[in-house]
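Reading the structure
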Amino acid sequence: MEEKKGIAKYREFIVYIIFGILTTVVSWGSYASFVNLCGLSVALSNFLSWICGVIFAFLTNKVFVFESKSWKVSLLIKEIIGFVTARLLTGVIEWFGVPLLAKASFDSIFYRIAESLSIGVKIVYTDGIYSKILVSVIVVLLNYIFSKLIIFKKDKLPDTDDSDTGESNA
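Residues numbered from 1 in each chain as written. Predicted model: local features only at pLDDT ≥ 70, side-chain atom pairs only at ≥ 80, totals over all residues. Heavy atoms only, no water.

1. Considerations on a nonpolar patch on the surface
Defined as follows: To count toward a patch, a residue needs a relative accessible area above 30% and no salt bridge. Like charges then connect within 9 Å, nonpolar side chains (Val, Leu, Ile, Met, Phe, Trp, Tyr) within 5 Å. In short, Shrake-Rupley with a 1.4 Å probe defines the accessible areas, and a residue's cover is counted only from the protein chains shown. For salt bridges, the criterion is a side-chain nitrogen of Lys or Arg within 4 Å of an Asp or Glu carboxyl oxygen. Helix numbering and strand numbering both begin at the N terminus, where a helix is a DSSP run of H or I of at least 4 residues and a strand a DSSP run of E of at least 2.
A surface patch of nonpolar side chains, amounting to about 750 Å² of accessible area, comprises Y10, F13, I14, I17, I18, I21, L22 and V25. Locating I17 in the fold gives a position in helix α1 (residues 2-36).

Right, here's the structure in full:
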């Protein structure tokens, strides 16, 4: 049984990384689209991309990563409130961090590197993209901690095995 628990933990980590990457793609892709295709400001694009990422992340974290199988209304509400609250906390970091870093010319260092390497790919020069990358790394780490230890935490009772219940005791 110990080996199965080890495999389950490893599986969760791999799936979290996969869906974390996909959530990042959703966030960054929508951000670049809002800036480049819609002509929206860095701040508004960042906010809208955050919303896209949060919706995608909740669904994938609940169903695939932490396998919270219950759709019982009381549990679902608790998970949604916890998830959105945690994302609002990390969202504040992202909402203010990206525009502040971009305004402080954080990205200009990377633009100069791209120019010196003759990189002509438009996304490399997207306003605020390097600020977005740095802040995203910080936010992803915090989001994992909140999801794993608080939101989708599986409470274990002594001498019980809840592996066949299919429900998270979040």
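2. Re empty space enclosed by the protein
Let me state the cut-off plainly: The definitions used throughout rest on a 1 Å grid laid over the protein atoms alone, on which a cavity is an enclosed set of points accommodating a 1.4 Å probe that cannot get out and a pocket is an open set flanked by protein within 12 Å on both sides along at least five of seven lines; lining residues are those having an atom within 4 Å of a point. Grid points are joined across faces, edges and corners, and a volume is the space filled by probe spheres set on the points. In this classification, Asp, Glu, Lys and Arg are treated as charged, Ala, Val, Leu, Ile, Met, Phe, Trp, Tyr, Cys and Pro as nonpolar, and every other residue, Gly included, as polar.
The final tally for this structure, using the stated rule, is one cavity of 30 Å³ or more. Volume-wise, the largest cavity comes out at about 300 Å³. In this structure, the largest cavity is lined by 20 residues; those nearest its centre are T23, T24, V139, V140 and N143. Sorting the residues of the lining of the largest cavity by element identifies α1, α2 (42-65), α3 (73-103) and α5 (129-151) as the ones contributing at least two each. Counting residues per element, the lining of the largest cavity draws most heavily on α1, which supplies seven residues. Here the residues of the lining of the largest cavity sort into eight nonpolar, ten polar and two charged.

3. Overview of the confidence of the model for the protein chain
Which entries qualify depends on this criterion: The quantity called pLDDT is the predictor's confidence in a given residue, expressed from 0 to 100. In what follows, residue pairs with any heavy atoms lying within 4.5 Å of each other are defined as contacts.
Mean pLDDT over the protein chain works out to 83, with 83% of the residues at or above the 70 mark. The low-confidence segment residues 157-170 (pLDDT under 50) makes 25 contacts with residues lying over four places distant or belonging to another chain.

4. Considering the environment of A32
Positionally, A32 belongs in helix α1. On a C-alpha basis, the gap between A32 and I129 in space is 8.2 Å, while along the polypeptide they are 97 residues apart.

5. Considering the packing of α3 against α5
Threshold: Simply put, an axis is a line fit to the C-alpha atoms, just over the touching stretch for a helix, and the angle between two N-to-C directions goes from 0 to 180 degrees. The cut-offs work like this: below 35 degrees is roughly parallel, past 145 is roughly antiparallel, 65 to 115 is roughly perpendicular, and the gaps in between are oblique. Crossings are classed by handedness, with left-handed meaning an anticlockwise turn of the near helix from the far one by less than a right angle and right-handed meaning a clockwise turn.
Contact geometry of α3 with α5 gives a least axis separation of 9 Å together with a crossing angle of 165°. On the basis of their axis angle, the class for α3 and α5 is roughly antiparallel. Crossing of α3 over α5 shows right-handed handedness. On α5, the residues touching E79, G82, F83, A86, R87, T90, I93, E94, G97, V98, L101 and A102 of α3 are S131, K132, L134, V135, S136, V139, L142, N143, F146, S147 and I151. For the contact of α3 with α5, a count of residues per class yields twelve nonpolar, seven polar and four charged.

6. Here's the deal with the pattern of salt bridges
For clarity, the cut-off: Buried residues are those whose accessible area, probed at 1.4 Å on protein chains only, stays under 20% of the maximum for their type, while exposed residues exceed 50% and partly exposed ones sit between those limits.
Counted according to the given criterion, the structure contains four salt bridges. The residue K148 makes a salt bridge to E12 at a minimum N-O spacing of 2.7 Å. Here E12 lies in helix α1 and K148 lies in helix α5, a separation of 136 residues in the sequence. A salt bridge links K62 to E79; the shortest N-O distance between them is 2.6 Å. In this pair, K62 sits in helix α2 while E79 sits in helix α3, placing the two residues 17 residues apart along the sequence. Its relative accessible area of 0% is what places K62 among the buried residues.

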